[in-house]
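Structural overview
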Amino acid sequence: MLHVIYGKDREKGRTRFRVLREELGKKSGEERAVLEGEIDMDFFDTAAHSQGLFGGATLFVFDCLLDKKKEQEILVAHSEELAASPNLFLIFEPFLEKSMVEEMKGTGAIAEEFSIAKKDTRPDFNIFSLGDALGKRGKKELWVLYQEA
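An account of the accompanying structure is given in this report. The structure presented is a predicted model; accordingly, all values stated were derived computationally and were not measured.

Regarding the sheet that holds strand 3 (residues 58–63)
An order of 2-3-4-1-5 is seen for the five strands of this open sheet, with the pairing classed as parallel. What marks the edges here is a single partner per strand, and that holds for strand 2 (30–33) and strand 5 (110–113). Neighbour-to-neighbour, the strand axes of the sheet open up by a mean angle of 15°, direction not taken into account. Summarising the sheet, strand 3 and strand 4 (residues 88–93) pair through five bridges and their orientation is parallel. Bridged to Phe-60 within strand 4 is Phe-89. Against the sheet, helix 1 (residues 10–27) engages strand 1 (2–6), strand 2, strand 3, strand 4 and strand 5, with an angle of about 165° to strand 4.

As for the packing of helix 3 (residues 69–77) against helix 5 (residues 98–106)
Two elements in contact, helix 3 and helix 5, have axes whose closest approach is 10 Å; the angle formed by their N-to-C orientations is 15°. The pairing of helix 3 with helix 5 is recorded here as roughly parallel in orientation. Like other packed secondary-structure pairs, helix 3 and helix 5 cross with a definite hand, here left-handed. Along its contact with helix 3, which presents Lys-69, Gln-72, Glu-73, Leu-75 and Val-76, the element helix 5 presents Met-100, Glu-103 and Met-104. Broken down by class, the residue content of the contact of helix 3 with helix 5 amounts to four nonpolar, one polar and three charged.

A look at the side chain of Asn-87
Looking at where Asn-87 falls in the secondary structure, it is placed in the loop between helix 4 (79–84) and strand 4. There is a polar contact of 3.1 Å between the side chain of Asn-87 and the backbone nitrogen of Thr-58. Non-local contacts of Asn-87, meaning those with residues more than four positions away in its chain, are made with Met-1, Ala-47, Ala-48, Ser-50, Ala-57, Thr-58, Phe-60 and Leu-82.

Observations concerning the pattern of salt bridges
Scanning the model with the defined rule gives eight salt bridges in all. One salt bridge connects Glu-22 with Lys-26, and the closest N-O pair in it is separated by 3.9 Å. Of this pair, Glu-22 and Lys-26 both sit in helix 1, separated by four residues, roughly a single helical turn. For the pair Glu-22 and Lys-26, a shared accessibility class is recorded, and that class is exposed. The partner of Arg-32 in a salt bridge is Glu-38, and the shortest N-O contact between them spans 2.6 Å. Its relative accessible area of 30% is what places Arg-32 among the partly exposed residues.

What about the environment of Leu-59?
Relative to the helices and strands, Leu-59 resides in strand 3. For Leu-59, a relative accessible area of 0% corresponds to the buried category. Separated by 25 residues in the primary sequence, Leu-59 and Ala-84 have C-alpha atoms spaced 14 Å apart. Not counting chain neighbours up to four residues away, the residues in contact with Leu-59 comprise Arg-21, Leu-24, Gly-25, Ser-28, Glu-30, Glu-31, Arg-32, Leu-88 and Leu-90.

A short note on unusual backbone geometry
Non-glycine residue Cys-64 carries a positive phi angle of around 55°. Topologically, Cys-64 is positioned in the loop between strand 3 and helix 3. We classify Cys-64 as partly exposed; its relative accessible area is 22%.

Rules and cut-offs
- Residues numbered from 1 in each chain as written.
- Predicted model: local features only at pLDDT ≥ 70, side-chain atom pairs only at ≥ 80, totals over all residues.
- Heavy atoms only, no water.
- Pairing = 2+ DSSP bridges.
- Helix = DSSP H or I, 4+ residues; strand = E, 2+ residues; numbered from the N terminus.
- Axes fitted to C-alpha atoms, helices over the stretch in contact; angles between N-to-C directions.
- Contact = heavy atoms within 4.5 Å.
- Parallel < 35°, antiparallel > 145°, perpendicular 65-115°, else oblique.
- Left-handed = near helix turned anticlockwise from the far one by under 90°.
- Nonpolar A, V, L, I, M, F, W, Y, C, P; charged D, E, K, R; others polar.
- Polar contact = N/O pair within 3.5 Å; in protein donor to acceptor, adjacent residues only side chain to side chain.
- Salt bridge = Lys/Arg side-chain N within 4 Å of Asp/Glu carboxyl O.
- Buried < 20%, exposed > 50% of the residue type's maximum accessible area, 1.4 Å probe, protein only.

Here you go:
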(Lines give C-alpha, C1' and ligand atoms only; values in the text may rest on other atoms or scores of the structure.)
Protein backbone atom coordinates (compact mmCIF):
# COMPACT_ATOMS: atom_id res chain seq x y z
CA MET A 1 0.00 0.00 0.00
CA LEU A 2 1.27 3.42 -0.95
CA HIS A 3 -0.16 6.41 0.95
CA VAL A 4 0.99 9.93 0.03
CA ILE A 5 0.23 13.07 2.05
CA TYR A 6 1.15 16.33 0.37
CA GLY A 7 0.26 20.02 0.28
CA LYS A 8 1.37 23.38 1.55
CA ASP A 9 -0.61 23.26 4.79
CA ARG A 10 2.11 21.55 6.80
CA GLU A 11 0.27 21.70 10.12
CA LYS A 12 -2.80 19.76 8.97
CA GLY A 13 -0.72 17.45 6.80
CA ARG A 14 1.68 16.69 9.64
CA THR A 15 -1.24 15.93 11.99
CA ARG A 16 -2.76 13.50 9.48
CA PHE A 17 0.69 11.96 8.91
CA ARG A 18 1.15 11.27 12.64
CA VAL A 19 -2.31 9.72 12.99
CA LEU A 20 -1.85 7.53 9.93
CA ARG A 21 1.66 6.53 11.03
CA GLU A 22 0.29 5.37 14.36
CA GLU A 23 -2.58 3.41 12.74
CA LEU A 24 -0.35 1.73 10.16
CA GLY A 25 2.31 1.06 12.79
CA LYS A 26 -0.18 -1.07 14.70
CA LYS A 27 -1.01 -3.06 11.54
CA SER A 28 2.58 -3.69 10.51
CA GLY A 29 5.18 -5.79 12.23
CA GLU A 30 7.96 -3.22 12.17
CA GLU A 31 8.58 0.37 11.13
CA ARG A 32 11.54 1.68 9.17
CA ALA A 33 12.25 5.37 8.75
CA VAL A 34 13.95 6.00 5.44
CA LEU A 35 16.92 8.34 5.70
CA GLU A 36 18.03 11.03 3.31
CA GLY A 37 20.30 9.73 0.58
CA GLU A 38 18.93 6.17 0.60
CA ILE A 39 16.47 6.72 -2.22
CA ASP A 40 17.51 5.27 -5.56
CA MET A 41 16.16 2.78 -8.10
CA ASP A 42 17.42 -0.25 -6.18
CA PHE A 43 15.97 0.91 -2.87
CA PHE A 44 12.37 0.85 -4.11
CA ASP A 45 12.85 -2.55 -5.77
CA THR A 46 14.21 -4.01 -2.55
CA ALA A 47 11.64 -2.36 -0.30
CA ALA A 48 8.68 -3.44 -2.42
CA HIS A 49 9.67 -7.10 -2.41
CA SER A 50 11.23 -7.49 1.05
CA GLN A 51 9.69 -9.24 4.03
CA GLY A 52 10.14 -8.76 7.73
CA LEU A 53 12.09 -11.22 9.83
CA PHE A 54 8.94 -12.86 11.13
CA GLY A 55 6.89 -12.51 7.95
CA GLY A 56 4.95 -9.35 8.85
CA ALA A 57 4.60 -6.27 6.71
CA THR A 58 7.06 -3.42 7.16
CA LEU A 59 6.01 0.22 7.33
CA PHE A 60 8.42 2.44 5.38
CA VAL A 61 8.16 6.09 6.43
CA PHE A 62 9.35 8.88 4.13
CA ASP A 63 9.30 12.23 5.92
CA CYS A 64 10.13 15.18 3.63
CA LEU A 65 12.77 13.24 1.68
CA LEU A 66 11.64 13.78 -1.91
CA ASP A 67 12.95 17.32 -2.39
CA LYS A 68 14.62 16.67 -5.71
CA LYS A 69 12.64 16.11 -8.88
CA LYS A 70 14.79 13.05 -9.69
CA GLU A 71 13.71 11.36 -6.44
CA GLN A 72 10.05 12.15 -7.17
CA GLU A 73 10.40 10.65 -10.66
CA ILE A 74 11.91 7.48 -9.17
CA LEU A 75 8.94 7.25 -6.81
CA VAL A 76 6.44 7.65 -9.65
CA ALA A 77 8.26 5.02 -11.70
CA HIS A 78 7.94 2.51 -8.84
CA SER A 79 4.52 3.58 -7.55
CA GLU A 80 2.73 0.60 -9.11
CA GLU A 81 5.08 -1.84 -7.39
CA LEU A 82 4.78 -0.01 -4.08
CA ALA A 83 0.97 0.09 -4.23
CA ALA A 84 0.80 -3.68 -4.92
CA SER A 85 3.42 -4.56 -2.29
CA PRO A 86 2.45 -6.26 0.97
CA ASN A 87 4.60 -3.64 2.72
CA LEU A 88 3.19 -0.25 3.69
CA PHE A 89 4.67 2.98 2.36
CA LEU A 90 3.75 6.28 4.03
CA ILE A 91 5.06 9.46 2.41
CA PHE A 92 4.78 13.02 3.70
CA GLU A 93 6.00 15.58 1.20
CA PRO A 94 4.83 19.21 1.17
CA PHE A 95 5.87 19.88 -2.42
CA LEU A 96 4.84 17.34 -5.05
CA GLU A 97 3.92 18.16 -8.62
CA LYS A 98 0.26 17.64 -9.51
CA SER A 99 1.11 15.57 -12.59
CA MET A 100 3.16 13.15 -10.51
CA VAL A 101 0.38 12.81 -7.93
CA GLU A 102 -2.14 12.03 -10.68
CA GLU A 103 0.17 9.35 -12.11
CA MET A 104 0.51 7.75 -8.67
CA LYS A 105 -3.26 7.80 -8.15
CA GLY A 106 -3.63 5.96 -11.45
CA THR A 107 -1.47 3.12 -10.13
CA GLY A 108 -3.56 2.58 -7.01
CA ALA A 109 -1.84 4.90 -4.55
CA ILE A 110 -3.86 6.83 -2.00
CA ALA A 111 -3.09 10.56 -2.05
CA GLU A 112 -4.35 13.22 0.34
CA GLU A 113 -3.82 16.92 -0.29
CA PHE A 114 -3.73 19.53 2.44
CA SER A 115 -3.71 22.99 0.88
CA ILE A 116 -3.97 26.36 2.52
CA ALA A 117 -7.27 28.10 1.89
CA LYS A 118 -6.92 31.50 0.28
CA LYS A 119 -7.70 34.34 2.65
CA ASP A 120 -10.21 36.97 1.67
CA THR A 121 -8.17 40.16 1.32
CA ARG A 122 -11.09 42.40 0.50
CA PRO A 123 -11.85 45.04 3.09
CA ASP A 124 -15.00 44.61 5.17
CA PHE A 125 -16.20 48.09 4.31
CA ASN A 126 -16.86 49.24 0.73
CA ILE A 127 -15.57 52.81 0.50
CA PHE A 128 -17.57 53.44 -2.69
CA SER A 129 -20.82 53.14 -0.78
CA LEU A 130 -20.05 56.60 0.65
CA GLY A 131 -20.02 58.06 -2.85
CA ASP A 132 -23.26 56.25 -3.71
CA ALA A 133 -24.98 57.70 -0.63
CA LEU A 134 -23.68 61.17 -1.46
CA GLY A 135 -24.97 60.84 -5.03
CA LYS A 136 -28.42 59.85 -3.74
CA ARG A 137 -28.33 62.86 -1.37
CA GLY A 138 -29.17 60.58 1.55
CA LYS A 139 -27.85 62.51 4.56
CA LYS A 140 -28.73 59.89 7.13
CA GLU A 141 -27.31 56.99 5.08
CA LEU A 142 -24.16 59.01 4.34
CA TRP A 143 -23.66 59.79 8.04
CA VAL A 144 -24.16 56.13 9.08
CA LEU A 145 -21.70 54.93 6.44
CA TYR A 146 -19.22 57.62 7.46
CA GLN A 147 -19.41 56.46 11.10
CA GLU A 148 -18.98 52.85 10.00
CA ALA A 149 -15.87 53.75 7.98
